[in-house]
Amino acid sequence: MKNWLLAPVKYARAAIKNIAIYGVTITAFLLPAVSVHADSGGARVPLLPKYSQECSACHVAYPAGFLPAASWQRVMEGLGKHYGTDASLDEASMREISGWLKANAGTYKRVSEEPPENRITKAAWFLRKHREGEVPANVWKRASVGSPANCAACHTNADKGNFNEHEVRIPK
Ligand code: HEC
Ligand code: HEC
């Protein structure tokens, strides 16, 4: 598997295969523990309801595992001036979401680097995954895409925290 972000999947799959011979009960018991790691940077950690509610109005609720804690903290502290818009929240929601993001922030080596502007889309791993050979430059300019931050334009299940390369479809 060429993708470091999804490396845990390999182990998860192997584990599931091994588990299968012991029967359904054990599989069902162990699966929840496995599936937390079974996608990009813990992308399938169930979203805090408050987070999906407040942070998916303008873009997908980005998986917490795609930015390190320090970057999330800066995003949350700067919501009044959020990439050219006002995304400010009441104090209680702010605290709840900040705490959850901190607890679920990315800890993989390559996610631990704090990207410029606190942008997932400026992280070295993101640029590598979306380099010219994977996404031709003209694709980013299509109206149907608009911005690299618009993950859902191409990752058909981004809203479910699924960024698997097999579920990518580049729009016309
Ligand atoms: C009022 C609309 C709005 C809301 C609500 C909103 N955002 Fe954003 N967000 C934006 C815009 C606009 C951008 C810039 C998108 C672009 O560059 O195309 C952005 C970008 C981001 C980025 C950087 C994306 C990248 O380029 O990697 C992060 C991280 C982010 N938002 C987190 C959050 C979080 C966390 C919340 C909830 C607390 C939130 N946003 C709520 C409008 C919003
Ligand atoms: C213009 C379409 C497009 C947009 C927008 C886009 N991606 Fe991608 N993404 C791709 C393509 C194409 C690949 C490479 C798939 C492959 O390796 O075959 C990819 C790969 C990935 C991978 C690696 C998946 C794997 O299995 O190797 C991750 C993680 C990812 N993208 C996350 C994101 C996130 C997060 C966003 C939004 C902040 C985003 N992408 C926006 C097209 C896009």
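Structure shown above.
Now for a look at the structure at hand. (Residues numbered from 1 in each chain as written. Chains lettered and ligands numbered in written order. Predicted model: local features only at pLDDT ≥ 70, side-chain atom pairs only at ≥ 80, totals over all residues.)

**Thoughts on the nonpolar core**
The condition is simple: Each nonpolar core comprises buried Ala, Val, Leu, Ile, Met, Phe, Trp, Tyr and Cys residues, the members being joined through C-beta atoms within 7 Å. Residue burial here comes from a neighbour count, namely the number of other C-beta atoms, placed from the backbone, that lie within 10 Å of the residue's own C-beta, with 20 or more meaning buried, 12 or fewer meaning exposed, and in between meaning partly exposed. Helix and strand definitions here come from DSSP, where helices need a minimum of 4 consecutive H or I residues and strands a minimum of 2 consecutive E residues; each element is numbered from the N-terminal end. The contact criterion used is a C-beta to C-beta distance within 7 Å, with each C-beta placed from the backbone.
Membership of the largest hydrophobic core comes to 18 residues, with the highest contact counts inside it found for Phe-66, Leu-67, Trp-72, Met-76, Leu-101, Ala-105 and Ile-120. With three residues, helix H4 (residues 69–77) is the single largest residue contributor to this core. Beyond its immediate sequence surroundings of up to four residues, Leu-67 is in contact with Trp-72, Ala-105, Gly-106, Val-111, Asn-118 and Ile-120.

**Considerations on helix H5 (residues 91–104)**
Heads up, the condition is: Helix span is expected to be 1.5 Å times the residue number reduced by one. Directions drawn from the helix axis to the C-beta atoms are what define this arc.
Taking 1.5 Å of rise per residue, the 14 residues of H5 would be expected to cover 20 Å, and the 20 Å separating its terminal C-alpha atoms lies within 8% of that figure. Residues of H5 that are buried include every one of Ile-97, Leu-101 and Asn-104, and no others. Taken end-on, H5 shows its buried residues confined to a sector of 75 degrees, consistent with a single buried face. Those residues of H5 that are exposed and angled more than 90 degrees off the buried face are Glu-91, Ala-92, Arg-95, Gly-99 and Ala-103.

**Focus on unusual backbone geometry**
Located in the positive-phi region is Tyr-83, a residue other than glycine, with phi close to 45 degrees. Mapped onto the secondary structure, Tyr-83 falls in the loop between H4 and H5. Its identity as a non-glycine residue notwithstanding, Glu-117 has a phi of 55 degrees, on the positive side. Relative to the assigned elements, Glu-117 resides in the loop between H5 and helix H6 (124–129). Glu-117 gets classed as exposed once you count the C-beta atoms within 10 Å, which come to 11.

**Examining the environment of Thr-156**
Within the fold, Thr-156 resides in the segment after helix H7 (137–140). Expressed as a C-alpha distance, the spacing of Thr-156 and Glu-167, which sit 11 residues apart in the sequence, is 6.0 Å. If we skip the residues at most four places from it in the chain, Thr-156 touches Glu-167 and Arg-169.

**Digging into the environment of Leu-127**
Relative to the helices and strands, Leu-127 resides in helix H6. Judged by C-beta crowding, with 12 C-beta atoms within 10 Å, Leu-127 ranks as exposed. C-alpha separation for the pair Leu-127 and Pro-148, spaced 21 residues apart in sequence, amounts to 9.9 Å.

**Let's talk about H4**
Among the residues of H4, Ser-71, Trp-72, Val-75 and Met-76 are the ones counted as buried. One face of H4 carries all of its buried residues, which in axial projection span an arc of 135 degrees.

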